[in-house]
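Spelled out from the first residue to the last, the chains are:
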Protein chains: 2
Amino acid sequence: MSGNKERETVRPEKIEERSFSIINEELEAMGICLDAENGPVIRRAIHTTADFDYAENLVFTPDAVKTGIRALEAGAVIVTDTNMARAGINKKKAESLGVEVFCFMADPDVTEEASRRGCTRAAVSMEKSASLFGKDASGMPPVIYAIGNAPTALYALCDLIDEGRIHPALVIGAPVGFVNVVSSKEELIKRQNVPSIVARGRKGGSNVAAAIVNAMLYQAGKPEKEGGR
Amino acid sequence: MSGNKERETVRPEKIEERSFSIINEELEAMGICLDAENGPVIRRAIHTTADFDYAENLVFTPDAVKTGIRALEAGAVIVTDTNMARAGINKKKAESLGVEVFCFMADPDVTEEASRRGCTRAAVSMEKSASLFGKDASGMPPVIYAIGNAPTALYALCDLIDEGRIHPALVIGAPVGFVNVVSSKEELIKRQNVPSIVARGRKGGSNVAAAIVNAMLYQAGKPEKEGGR
């Protein structure tokens, strides 16, 4: 199934379509049936990683995808914890919806404060987002967090939510790794009042966080959400 | 082993160290012993993805890692096929060695030519790199290709190599996906005269390509390459 070593002739504009039909075939062969709302997000995560674990790992609060799409259509602000995730989000599509993507990780004030307080830049960058886009900033667009690296970013978000300092439209929790990654995601999942899409377990990454955003971007602005992708 | 849901207190500067010691423990438990040259690259790919498949997937031509490190120390040019991989490469470390990272995917001339010829931007962007850094450009630094997305980029590189138009110091072949990905990597592996690091199979990605570069960057400029990372 996965061992094809012969080159297939596929026109550039058909490569993605062909990829998704292979993904669909293999999901079917595995007996996995994805629902119409979450399927496009799951398929795109698999497309980005070639890792079918995402068919099982991704967990969604009810209507999380719909909520995310609506936020994007309303010109959401996206905050990420890596410049890699930021680079992976489809800029053309985001701009067409008036969506802006921010990453504060490399900001000198973030670095300075993290070093002074002995915490991570990821945590401080989330606090910075709260002061810029939090509840006191009136007339702000909805905020989507796309976390693809640091569990400390996710922990910081949980604290900011508990303190009522942020009210995210959606949190994408896809940090990756070995230290506090699993637990940070479980903390987010506990907060069922916050719309979230979480890559449960150790896996995730900037590429996965960006893929989840893109799956919703590609559906935004369309009259009807089909289950196609 | 992977199911720890309790938060562990780890100082920010110790998180990476703790992650690598978990990776080492689990590799040992799996009976996998990595050699001193390739181990740091493999461990960093696992660190980036939380996917132990990379302990088996990554294949190296003899001395590929040493060759890559030497090229970086000589101020190599790195060419990638995604802006995401470019964003994931440690800029500070690269700059300290005089290493520049290029991605031509979004260049208007690349888009225009790809559309005119009915091929991918990835393929055209590789040809552009050949005209900029290829064998006719005398006095050029060594070139490392870091391919994390498009198999068509890898096929284009194989053609350029066969035509003698490029002589890469190293090719990192980590495209990801379902259409021609497996075969493109096998094509590169066939060219054993070209130093390469390949993520065999479907898996890979911009994050993996960047991680492989970073693993070498972190060893560059050190008097002795230890097997630590």
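Residues numbered from 1 in each chain as written. Chains lettered and ligands numbered in written order. Predicted model: local features only at pLDDT ≥ 70, side-chain atom pairs only at ≥ 80, totals over all residues. Heavy atoms only, no water.

Asker: Explain the packing of aromatic side chains here, please?
Answerer: Given two aromatic rings, one states the distance between the centres and the angle between the planes to describe the pair. Summed over all chains, the structure comprises eight aromatic pairs over all chains. Chaining the aromatic ring pairs together yields one cluster made of A:Phe102, A:Phe104 and A:Phe133. Its guanidinium or amino end placed over the ring of A:Tyr155, B:Arg7 lies 3.6 Å from that ring's centre, counting from NZ or CZ. (Phe/Tyr/Trp six-rings, centres within 6.5 Å; stacked < 30°, edge-to-face > 60°. Lys NZ or Arg CZ within 6 Å of the ring centre and 35° of its normal.)

Asker: Teacher, can you tell me more about the interface of chain B and chain A here?
Answerer: The parts lose accessible area when they come together, and the size of an interface is often stated as this lost area. Between chain B and chain A, the residue contacts involve 44 residues of the former and 43 residues of the latter. Here chain B meets chain A over a buried area of about 3,600 Å², counting both sides, of which 64% is carbon and sulfur. On the chain B side of the interface with chain A, the three residues burying the most area are B:Met84, B:Phe178 and B:Arg202, jointly 21% of the side's total. Where chain B meets chain A, there are four salt bridges. One salt bridge in this structure joins A:Arg202 and B:Glu26, with 2.6 Å as the shortest N-O distance. Run the count over chain B and chain A and you get five residue pairs in polar contact (both at pLDDT 80 or more). Residue assignment for the side of chain B that touches chain A shows that the elements contributing at least two residues are helix H1 (15-29), helix H2 (39-49), helix H5 (83-88), helix H10 (181-190) and helix H11 (206-217) of chain B. Examining the composition of the side of chain B that touches chain A, we find that six residues originate from one element, H1(B), more than from any other. Per-class residue counts for the side of chain B that touches chain A are 19 nonpolar, 15 polar and 10 charged. (Contact = heavy atoms within 4.5 Å. Buried area = accessible area lost by both parts, 1.4 Å probe. Salt bridge = Lys/Arg side-chain N within 4 Å of Asp/Glu carboxyl O. Polar contact = N/O pair within 3.5 Å; in protein donor to acceptor, adjacent residues only side chain to side chain. Helix = DSSP H or I, 4+ residues; strand = E, 2+ residues; numbered from the N terminus. Nonpolar A, V, L, I, M, F, W, Y, C, P; charged D, E, K, R; others polar.)

Asker: Could you clarify how one ought to interpret the sheet that holds strand E1 (residues 58-60) of chain A in this entry?
Answerer: Paired through their backbone hydrogen bonds, the strands of a sheet run either parallel or antiparallel. All names here are of chain A. With mixed pairing, six strands are arranged side by side in an open sheet as E1-E6-E5-E4-E2-E3. In the strand order of this sheet, the two ends are held by E1 and strand E3 (100-103), each with one partner. Between one strand and the next, the sheet's axes are offset by a mean angle of 15°, whatever the strand orientation. Here three bridges tie E1 to strand E6 (residues 196-199), and the two strands are oriented antiparallel to one another. (Pairing = 2+ DSSP bridges. Axes fitted to C-alpha atoms, helices over the stretch in contact; angles between N-to-C directions.)

Asker: Explanation requested: the relation of the copies chain B and chain A in the structure shown.
Answerer: In this structure, two copies of a chain are linked by a rotation about an axis accompanied by a shift along it. Take chain B, turn it by 180°, move it 0.0 Å along the axis, and it overlays chain A with an RMSD of 0.0 Å. As the rotation angle and translation indicate, the two copies are arranged about a two-fold axis. Among all residues of chain B, the one whose C-alpha sits closest to the rotation axis is B:Met84, at a distance of 2.6 Å. When you check the interface residues of chain B against chain A, 98% turn up at the interface there too, and the contact is symmetric in its surfaces. (Least-squares fit on C-alpha atoms with pLDDT ≥ 70 in both.)

Asker: In this structure, what is going on with the environment of B:Ser196? I would like to understand it.
Answerer: Residue and element names in this part refer to chain B. Looking at where serine 196 falls in the secondary structure, it is placed in strand E6 (residues 196-199). Here the alpha-carbon distance between serine 196 and phenylalanine 102, two residues 94 residues apart in the chain, equals 19 Å. Those residues within four positions of serine 196 in sequence are excluded, and the remaining contacts are Val59, Phe60, Thr61, Ala64, Leu170, Val171 and Leu188.

Asker: Would you mind showing me how to read the nonpolar core here?
Answerer: Across soluble globular proteins, nonpolar side chains show a tendency to be buried alongside one another. Residues B:Ile46, B:Leu58, B:Leu72, B:Ile78 and B:Met216 are the most contacted members of the largest nonpolar core, which totals 50 residues. Apart from residues no more than four positions distant in its own chain, B:Ile78 is found in contact with B:Leu72, B:Ile89, B:Val99, B:Glu100, B:Val101, B:Phe102, B:Ile144, B:Ala146 and B:Val213. In terms of nonpolar packing, the next biggest core, distinct from the first, is built from 49 residues, A:Ile46, A:Phe52, A:Leu58 and A:Leu72 among them. (Core = buried A, V, L, I, M, F, W, Y, C linked by side-chain atoms within 4.5 Å. Buried < 20%, exposed > 50% of the residue type's maximum accessible area, 1.4 Å probe, protein only.)

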